[in-house]
Every structure is written in C-alpha cells, then in structure tokens.
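# Observations on the model geometry
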Amino acid sequence: MTEEPNLIGFGWVLSLVLFIIILYLLEAGNIENQQLKYDALLGDRMKQLGLIHWKQLAQTAGISTLRLRQIRSGAIGNIPWRELRQLAQALKWSMGELEQQLEPLATPSEPLPLVGNSNSELETQLRQQCQRLREELEEQKSQLWESFCQFTFEELQTLLTNYPTAAEMARLKPDLPAKNLTALFAPLNNLLENWGYEPIGHPWEAVAYNPQFHQGDCDEIQPGEVVYIRFVGYRQGDRILSPAKVSRTLPSGIKPSS
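Cut-offs applied
- Residues numbered from 1 in each chain as written.
- Predicted model: local features only at pLDDT ≥ 70, side-chain atom pairs only at ≥ 80, totals over all residues.
- Heavy atoms only, no water.
- Pairing = 2+ DSSP bridges.
- Helix = DSSP H or I, 4+ residues; strand = E, 2+ residues; numbered from the N terminus.
- Axes fitted to C-alpha atoms, helices over the stretch in contact; angles between N-to-C directions.
- Polar contact = N/O pair within 3.5 Å; in protein donor to acceptor, adjacent residues only side chain to side chain.
- Core = buried A, V, L, I, M, F, W, Y, C linked by side-chain atoms within 4.5 Å.
- Buried < 20%, exposed > 50% of the residue type's maximum accessible area, 1.4 Å probe, protein only.
- Phe/Tyr/Trp six-rings, centres within 6.5 Å; stacked < 30°, edge-to-face > 60°.
- Lys NZ or Arg CZ within 6 Å of the ring centre and 35° of its normal.

### Quick look at the pairing of strand E5 (residues 233–236)
Sheet topology note: the strand E1 (residues 198–200)/E5 ladder contains three bridges and is antiparallel. Residue pairing for E5: Glu198 is matched across the bridge by Arg235. Bridge count between E5 and strand E6 (residues 239–242): three bridges; the pairing is antiparallel. Its bridge partner lying in E6, Tyr234 is registered against Ser242. The loop that links E5 with its antiparallel partner E6 comprises two residues; one of these, Gly237, has a positive phi angle of about 65°.

### As for the sheet that holds strand E3 (residues 214–216)
Taken in spatial order, the four strands make up an open sheet running E2-E4-E7-E3, and their pairing is mixed. Among the strands making up the open sheet, the edge pair consists of strand E2 (206–208) and E3. Strand-to-strand twist of the sheet, defined as the mean angle between neighbouring strand axes without regard to direction, takes the value 50°. Alignment of strand E4 (residues 226–231) against strand E7 (residues 244–247), held across three bridges, turns out to be antiparallel. By the bridge assignment, Ile229 is partnered in E7 with Val246.

### A closer look at the side chain of Arg72
Following the sequence through the fold, Arg72 ends up in helix H4 (residues 65–73). Polar contacts involving the side chain of Arg72 include one to the side chain of Asp39, which spans 2.8 Å.

### With respect to the nonpolar core
The biggest cluster of nonpolar side chains holds 20 residues, and the ones touching the most others in it are Leu57, Leu68, Leu87 and Leu91. When residues of this core are traced back to their parent elements, those giving at least two are helix H2 (39–49), helix H3 (54–61), H4, helix H5 (81–90) and helix H6 (95–102). If you look at the next biggest cluster of nonpolar residues, it comprises eight residues, including Val227, Ile229, Ala244 and Val246.

### Concerning the sheet that holds E6
Ordered in space as E1-E5-E6, the three strands form an open sheet in which the pairing is antiparallel. One side of each edge strand has no neighbouring strand; the edge strands of this open sheet are E1 and E6. Sheet twist, expressed as the average angle between the axes of neighbouring strands with direction ignored, equals 40°.

### Here we look at the packing of aromatic side chains
Within this structure, the stated rule accounts for three aromatic pairs. Among the aromatic residues, those joined into a cluster by ring pairs are Trp145, Phe148, Trp195 and Tyr197. Above the face of the Trp54 ring, Arg72 is positioned so that its terminal group lies 4.1 Å from the ring centre.

### What about H5?
For H5, the complete set of buried residues consists of Glu83, Leu84, Gln86, Leu87, Ala88 and Ala90. After H5 finishes, the residue Lys92 shows a positive phi value of roughly 60°.

Note that all results are geometric; they support no functional claim without further evidence.
The structure is reproduced here in structure tokens:
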C-alpha cells in the first residue's frame, strides 16, 4: 500500500518531464524554421548547388550549424575569417563574391571583418600577422636549437670531459696504445643510435661496390666489384646521409676485416 503514492508521484514527474521535452522540441523547431536575415540569399545559392538543408551546407563548409546560424542571422562581426572563407568555398564563391553578396545586407552596427575594412587596412593587418608569425617562428627556432645543443652536450658530456685529458696524455706518451682511448668514443655511438643513424660498412671490410652506398676513390670501379671500406658512411632508414668511401686496395700492412 505504501508503494502506490510513490508510483503516482513518479508518474506525475515523468509526465512533466515529457511535456517539457515536447515543448522544447516544438520551440526548437520554430526557431529553426524562422526566416533569418541572409536566408533568402544563401538559400537561393544552395538551390543552385543542390544543397537541400542548412545542416548540409554547414557540413560542406566544415563549420558548426550554430556558426552557420550566426551568419544567417547577420551576427557576423566576430566570425573568424577562416570560417567565412570555408563558407565561400562551400558556396563556390570567392571571398570577393561573398563580400559583394553580403555587403548590401550588412548594417553599420554589424560590420563584416572584410567588408568593413579598406584594402589598405587589410594589407596592414596581414603584414602585422605575418610579422607576428615570423617572430614566433624565430622564437621556436631559437628554442629548438637551444634544446638540441643541450641534448647533444648531455649525450657527449663524458667524451667532452675526458678527451682533453686523453689528448694531453697521448702527447706526453706517444707509445700509449690507442685501444686505451677507444672507450672514450662510446658516447658518440650512443648519440648516433639515438638519432637513428646507422653506419654503412666497417673499416677494412671487403664489400661488393654499390654506387648507392659507396663512393669510390676512382671512377673506374664497377658495380659488384670487390672493394674495401676505408671510411664508413651513415644512413637513416632509406636516406643516405653520407656514402662509405671505398678503394680497390687497403693501406700497407692492413688486413681485411671479417
């Protein structure tokens, strides 16, 4: 028995909600069907292009139906120039043609972004925008270069710190085995690996000459001929950064590497 009043109350609430929704939909339909300021002009153009309804025009122009409604109503003072251009393209008009079509309907209190400005004013605005973009690009370029330098230094810090001491030791002890210094260059390999750079070949390695990857020390070397890599090259994926330098012979006393 105690559940019946709750069910009755729930039914009244549900009925009220449904009534409000119906009123909202009816009002939305009335608003949508209102004849707005530019509807006649834009509607005629839509018929010429085979566009049936406003939503289709909005989708073609890549703008929202709310933005299109603003344009239809004449509230275009704050419409971004980019979206006006998209609308012009959807209507198969140039921006000049769009200006000419909308200008007779525009009121002094509702200036168009382009119509209300003279050519000299527009040119000044464009120059200012270009200058601002240049400054932003220069700032970004400076920041990128600074980040690159910082990253490279951190990767090579061990080498840069130890190399001066190693060079001085090599000067004072000419007989010092070179293999004692090769560990210093490990950071270079790490840096190249982080960049995605791969070596082409290995020093003193015998390979078949390929002009795409190798640079011979003479013009007579033919593709497929056996040559020896004197200095390795580098590649990044399919892009050749520098070809490996090759020769038909090895330096005196050097044996080919396996």
